[in-house]
Amino acid sequence: MSRVLLAIAVAACLAGCASDVKLDAVPVEDKAGAAVTTGSSAGAGGAAASAVTAVDLGKGGQDGAGPAGPNVVYFDYDSFVVKPEYQSVVENQARYLRADLKRKAMLEGHTDERGGREYNLALGQRRAEAVARAMTLLGVSGGQLEAVSFGKEKPAAQGSDEASLAKNRRVEVKYR
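Residues numbered from 1 in each chain as written. Predicted model: local features only at pLDDT ≥ 70, side-chain atom pairs only at ≥ 80, totals over all residues. Heavy atoms only, no water.

Moving on: the pattern of salt bridges. With the rule as written, the count across this model stands at ten salt bridges. The partner of Arg169 in a salt bridge is Asp112, with the nearest N and O atoms 3.2 Å apart. Placement of the pair is Arg169 in the loop between α4 (162-168) and β6 (170-175) and Asp112 in the loop between β4 (105-110) and α3 (117-137), with a sequence separation of 57 residues. Assigned by exposure class, Arg169 and Asp112 land together as buried. The salt bridge partner of Arg117 is Glu153, with a shortest N-O separation of 3.9 Å. Residue Arg117 is found in helix α3, and its partner Glu153 is found in the loop between β5 (145-151) and α4; the two are separated by 36 residues along the sequence. Judged by its relative accessible area of 49%, Arg117 falls in the partly exposed class. Connected through salt bridges with shared partners, the residues Glu108, Arg170, Glu172 and Lys174 form a single ionic network. (Salt bridge = Lys/Arg side-chain N within 4 Å of Asp/Glu carboxyl O. Helix = DSSP H or I, 4+ residues; strand = E, 2+ residues; numbered from the N terminus. Buried < 20%, exposed > 50% of the residue type's maximum accessible area, 1.4 Å probe, protein only.)

Here it is in structure tokens:
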């Protein structure tokens, strides 16, 4: 009896998850704002006209350089609070992004070597998101920012002294 009830419950769950969306006919909007439908749009010759442009990863059209001045925000041990002395760095980066709405920034969160891998990845993410939140409050569009964490995987300084550890607790703003 319990097997029959289990089979009915599984069938009900699967029926509830069913979708009538045709994945091959989903409209996609390109960067120019024109609607493009995907799927089999091949003509009589069997070849579909492609609107895909090649991307040169070496020369993406943007040099990756940001505004003059520092692009790193440092943090206290086990903290993701943006310190007042780095507010000018955040403001300078935000001003640069507001001036060019097409420019995007990657906020890379880092930690020192203390703590476990998962904890440091989470702390690095919180640091990057704290800088993103501060920039958003200064008028930067959230679509221009991407917060990522490297945890302790990419140290800026080698060593276990406090000066080296302090250099590793950071968020770097990189442009693409």
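The geometry of an aromatic ring pair comes down to the distance between the two centres and the angle between the two planes. Enumeration according to the criterion identifies two aromatic pairs in this entry. Ring geometry for Tyr96 and Tyr175: centres 5.0 Å apart, planes at 75 degrees, overall edge-to-face. Here Tyr96 is found in helix α2 (residues 87-99), whereas its partner Tyr175 is found in strand β6, with 79 residues between them in sequence. (Phe/Tyr/Trp six-rings, centres within 6.5 Å; stacked < 30°, edge-to-face > 60°.)

The next point concerns the sheet that holds β5. Reading across from one edge, β3-β6-β4-β5 is the order of the four strands in this open sheet, with mixed pairing throughout. Two strands bound the open sheet, and with one partner strand each, they are β3 (72-74) and β5. With direction set aside, neighbouring strand axes in the sheet form an average angle of 20 degrees. The sheet contacts of α2 involve β3, β4, β5 and β6, and relative to β6 the element is tilted by about 20 degrees. Relative to the sheet, α3 contacts β3, β4, β5 and β6, its axis offset from that of β5 by approximately 155 degrees. (Pairing = 2+ DSSP bridges. Axes fitted to C-alpha atoms, helices over the stretch in contact; angles between N-to-C directions. Contact = heavy atoms within 4.5 Å.)

Think of an α-helix as turning once every 3.6 residues; residues three or four places apart then point the same way. Taking 1.5 Å per residue, 13 residues should reach 18 Å; α2 reaches 18 Å between its end C-alpha atoms and fits that length. If you check which residues of α2 are buried, you get Val89, Val90, Asn92, Gln93, Ala94 and Leu97. (Expected span 1.5 Å × (residues − 1).)

Now for the pairing of β5. In summary, the side chains of a regular strand alternate between the two faces of the sheet. Sheet topology places β4 next to β5; six bridges connect them, and they run parallel. Paired with Leu107 across the bridge in β5 is Ala147. Taken together, β4, α3 and β5 form a β-α-β motif whose crossover is right-handed. (Right-handed = clockwise from strand over helix to strand, strands pointing away.)

Detailed reading of the predicted model is not advised wherever pLDDT is low. On average, the protein chain scores 78 in pLDDT, and the residues at 70 or more come to 69%. Residue range residues 21-48 is modelled with pLDDT below 50. Its contacts to residues more than four positions away, or to other chains, number 19 contacts. Every residue in residues 55-62 is under pLDDT 50, and counting partners more than four places away or in other chains gives three contacts. (pLDDT = per-residue confidence, 0-100.)

As for its placement among the helices and strands, Lys83 is situated in the loop between β3 and α2. For Lys83, the side chain forms a polar contact with the side chain of Asp76, separated by 3.0 Å. Beyond its immediate stretch of four places on either side in the chain, Lys83 contacts Tyr74, Phe75 and Asp76. (Polar contact = N/O pair within 3.5 Å; in protein donor to acceptor, adjacent residues only side chain to side chain.)

Along the chain, the position of Gln144 falls in the loop between α3 and β5. Owing to a relative accessible area of 3%, Gln144 belongs among the buried residues under this scheme. Sequence separation of Gln144 and Ala105 is 39 residues, and the distance between their C-alpha atoms is 6.1 Å. A polar contact of 3.0 Å, which involves the side chain of Gln144, links it to the backbone oxygen of Arg103.

Moving on: a nonpolar patch on the surface. Judged by side-chain polarity, Met1, Val4, Leu5 and Ile8 come together as a nonpolar surface patch covering roughly 460 Å² of accessible area. When you line up the elements, Leu5 lands in helix α1 (residues 2-17). Taking relative accessible area as the criterion, Leu5 reaches 52% and is therefore assigned exposed. (Patch = residues over 30% accessible without salt bridge, like charges linked within 9 Å, V, L, I, M, F, W, Y side chains within 5 Å. Areas by Shrake-Rupley, 256 points an atom, 1.4 Å probe, with all protein chains shown as cover.)

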